[in-house]
Amino acid sequence: MMRHENSKAPRAARTGLALACAALSLALASPALAQQAPDTLVVTAARLFDASNGRLIDNPQIVIRDGRISAVGRAGDAAPEGARRLDLPGMTVLPGLIDMHVHLDSDPSYGGYTGLQFNDRFWSVLAVKHAQQTLQAGFTTVRNVGADAWNDVGLRQAIDEGKLAGPRIVTAAYSFGATGGHCDSTYFPPSMAQKNPYNADSAAEARKSVRELRKYGAQVIKICATGGVFSRNTEPGQQQMSFEEMKAVADEAHQWGLRVAAHAHGAAGIRDAIRAGVDTIEHASLIDEEGIRLAKQHGAWLSMDIYNTDYTQAEGKKNGVLEDNLRKDREVGDIQRENFRRAHAAGVKMVYGTDAGVYPHGLNGKQFAVMTRYGMSPAQAIRAATFDAAQALGRKDVGLIETGRWGDLVAVAGDPTQDVRLLESVPVVVKGGEVVKDAR
Ligand SMILES: [Zn+2]
């Protein structure tokens, strides 16, 4: 070990000099900053949910140092002096929750054509509020699978810079697919010349869209394999991207180290997306036996948004959603829930994705109860929103209360493995060691 370190001495010395210079200029700018001790938060509770196996651990003590978890032990273990404390008697601590399917720049109050009364920047501004609502609901990480005008990328940058409160965001920027498909602008006549700038109608165009989106901030690629519910003149069952196009997307994205999410309701589109190498299937409403078999064989994850139909059917008409969209929503809703039950029973890997934005942001936790109604245990549903979601993202820094990961936690009174609805209103939220909500 020493030998290894010695062999790096010249380089380490250079780095040391650079650090010393940086420290010096910091010290000149702000004398207090240079002497600051690490910021430490010690959390104790009645129970900890171990998302790696779904079990509860009694009387945990978690130490978070400069934003990252530095120790997970038992109450009474030595705690660093001068640490801030968050003692949560009677409560269960869980990893910060993860929603794998949100649209932070969407607001469900404006359905159909009613959103056209606003300037484009209206949605960018609303996204700031939606991010705060999402974090307050206990969702400390989200995957934003489709935004206009790079709204999600700018929002992520502002949050990561500490300028705004919000979850960690994995950004897709624009989602894309076929001209005239679900990911295109489908509400306008030709004289209005509205189209998605990343429409792709060949394998070569699909590769180019992946490259351009990544260039400006996409961290995951989102495509539309089939028609959808809330577009015009598309049907959910209809495949809209060819196998070759989706294979080009998956190969290109994977080459750059990005994962691919495919919006896919129809059985044929789901099967081709999985065969093409897509990592997560969104909605998966009409998945058939062959699709279930392929998902297991390829290790593809299903992200099935089985709560939001309750909202869209109750509120959609009032919000201006067109009758044709509500008709498709009705046709797909119950079938999707039954297929969730079948896929889960068959052992397909599932993550927690809600399509927040189709229903109000901040209600993300409402899907837990629906997942348990359709076959999951509470612990399985919670794992889908923590450890399993982190795996589907390919991340080892979120989704589990473990040394080295971000200090992202939520706490609820009681035991969510007995009553999963406790996660519908989370009173305590910690992100990166900062207590962002304490409403006990
Ligand atoms: Zn969506």
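Summary of the structure given here. (Residues numbered from 1 in each chain as written. Predicted model: local features only at pLDDT ≥ 70, side-chain atom pairs only at ≥ 80, totals over all residues. Heavy atoms only, no water.)

**Notes on the overall build of the protein chain**
Part 1: In terms of helices and strands, the protein chain carries 14 helices and 16 strands.
Part 2: Across its three principal directions, the C-alpha atoms of the protein chain cover 65 × 50 × 45 Å.
Part 3: Buried residues in the protein chain amount to 53% of all 440 residues.
Part 4: Considering only contacts within the protein chain whose residues lie at least 6 apart along the sequence, 68% involve residues at least 24 apart.
Part 5: Total accessible area on the protein chain is roughly 19,200 Å²; 51% of this is exposed by carbon and sulfur atoms.
Part 6: Mean positive and mean negative side-chain charge positions of the protein chain (50 and 50 charges, respectively) differ by 4 Å. (Helix = DSSP H or I, 4+ residues; strand = E, 2+ residues; numbered from the N terminus. Buried < 20%, exposed > 50% of the residue type's maximum accessible area, 1.4 Å probe, protein only. Contact = heavy atoms within 4.5 Å. Areas by Shrake-Rupley, 256 points an atom, 1.4 Å probe, with all protein chains shown as cover. Lys, Arg positive; Asp, Glu negative; His and termini not counted. Charge placed at Lys NZ, Arg CZ, Asp CG, Glu CD.)

**Side note on the coordination of the zinc ion**
Reference values for angles at a metal are 109.5 degrees in the four-donor tetrahedral case and 90 or 180 degrees in the six-donor octahedral case.
Part 1: Protein coordination of the zinc ion is provided by His101 (NE2), His103 (NE2) and Asp355 (OD), with donor distances spanning 2.1 to 2.4 Å.
Part 2: In the primary structure, the donors to the zinc ion are separated according to the pattern H-x1-H-x251-D. With His103 in the loop between β6 (97-102) and α4 (121-136) and Asp355 in the loop between β13 (349-351) and α12 (367-373), this residue pair connects regions lying 252 residues apart in the sequence.
Part 3: Accessibility expressed as a relative area gives 14% for His103, which makes it buried.
Part 4: Overall, Asp355 belongs to the buried group, its relative accessible area being 8%. (Donors = N, O, S within 2.8 Å, 3.2 Å for Na, K, Ca; no water.)

**A word on unusual backbone geometry**
Part 1: Even without glycine at this site, Asn59 takes up a positive phi of about 50°.
Part 2: The topology assignment puts Asn59 in the loop between β2 (55-58) and β3 (60-65).

**Some details on the environment of Gly394**
Part 1: If you trace the backbone, Gly394 turns up in the loop between α14 (387-393) and β14 (409-413).
Part 2: Counting along the chain gives 135 residues from Gly394 to Arg259, while the straight-line C-alpha distance between them is 8.3 Å.

**Considering the sheet that holds strand β10 (residues 259-264)**
Part 1: In space, the five strands of this open sheet follow the order β9-β10-β11-β12-β13, with parallel pairing throughout. Sheet topology places β9 (220-224) and β13 at the edges, where each strand pairs with a single neighbour. Neighbour to neighbour, the strand axes of the sheet diverge by 25° on average, direction disregarded.
Part 2: Here strand β11 (residues 280-283) pairs with strand β12 (residues 301-303) via three bridges, running parallel. Across the sheet, residue Thr280 finds its bridge partner in β12, namely Trp301. (Pairing = 2+ DSSP bridges. Axes fitted to C-alpha atoms, helices over the stretch in contact; angles between N-to-C directions.)

**What to know about the pairing of strand β16 (residues 434-438)**
Side chains on a regular strand alternate between the two faces of the sheet.
Part 1: Inspection of the sheet shows strand β15 (residues 428-431) paired to β16 by four bridges, in the antiparallel sense. Its bridge partner being in β16, Val429 is matched across the sheet by Lys437.
Part 2: From the end of β15 to the start of β16, which pair antiparallel, there are two residues, and Gly432 there has a positive phi angle of about 55°.

**Notes on the nonpolar core**
Part 1: Of all hydrophobic cores here, the largest spans 79 residues; its most connected members are Phe176, Ile221, Ile223 and Phe368.
Part 2: Contact partners of Ile223, with chain neighbours within four places excluded, come to Phe176, Cys183, Met241, Met246, Val249, Val260, Ala261, Ala262, His263 and Val278.
Part 3: The next biggest cluster of nonpolar side chains, apart from the first, holds 16 residues, and it includes Leu41, Leu48, Ile69 and Ile401. (Core = buried A, V, L, I, M, F, W, Y, C linked by side-chain atoms within 4.5 Å.)

**Considerations on the packing of aromatic side chains**
Part 1: Tallied over the full model, the rule gives 14 aromatic pairs.
Part 2: Ring centres of Tyr110 and Phe118 lie 4.9 Å apart, and the angle between their planes is 70°; this geometry places the pair in the edge-to-face category.
Part 3: Ring centres of Trp150 and Tyr216 lie 5.7 Å apart, and the angle between their planes is 70°; on these two criteria the pair is classed as edge-to-face. Here the residue Trp150 occupies a position in the loop between β7 (139-144) and α5 (151-160), and Tyr216 occupies one in the loop between α6 (203-215) and β9, the gap between them amounting to 66 residues. (Phe/Tyr/Trp six-rings, centres within 6.5 Å; stacked < 30°, edge-to-face > 60°.)

**Observations regarding the packing of helix α8 (residues 267-276) against helix α9 (residues 289-298)**
Part 1: Their axes nearest at 9 Å, the elements α8 and α9 cross at an angle of 15°. The angle between α8 and α9 places the two elements in the roughly parallel class. Handedness of the crossing formed by α8 with α9: left-handed. Here α8 contributes Arg271, Ile274 and Arg275 to the contact with α9, which in turn contributes Glu290, Gly291, Leu294, Ala295 and His298.
Part 2: Of the residues contributing to the contact of α8 with α9, the split by class is three nonpolar, two polar and three charged. (Parallel < 35°, antiparallel > 145°, perpendicular 65-115°, else oblique. Left-handed = near helix turned anticlockwise from the far one by under 90°. Nonpolar A, V, L, I, M, F, W, Y, C, P; charged D, E, K, R; others polar.)

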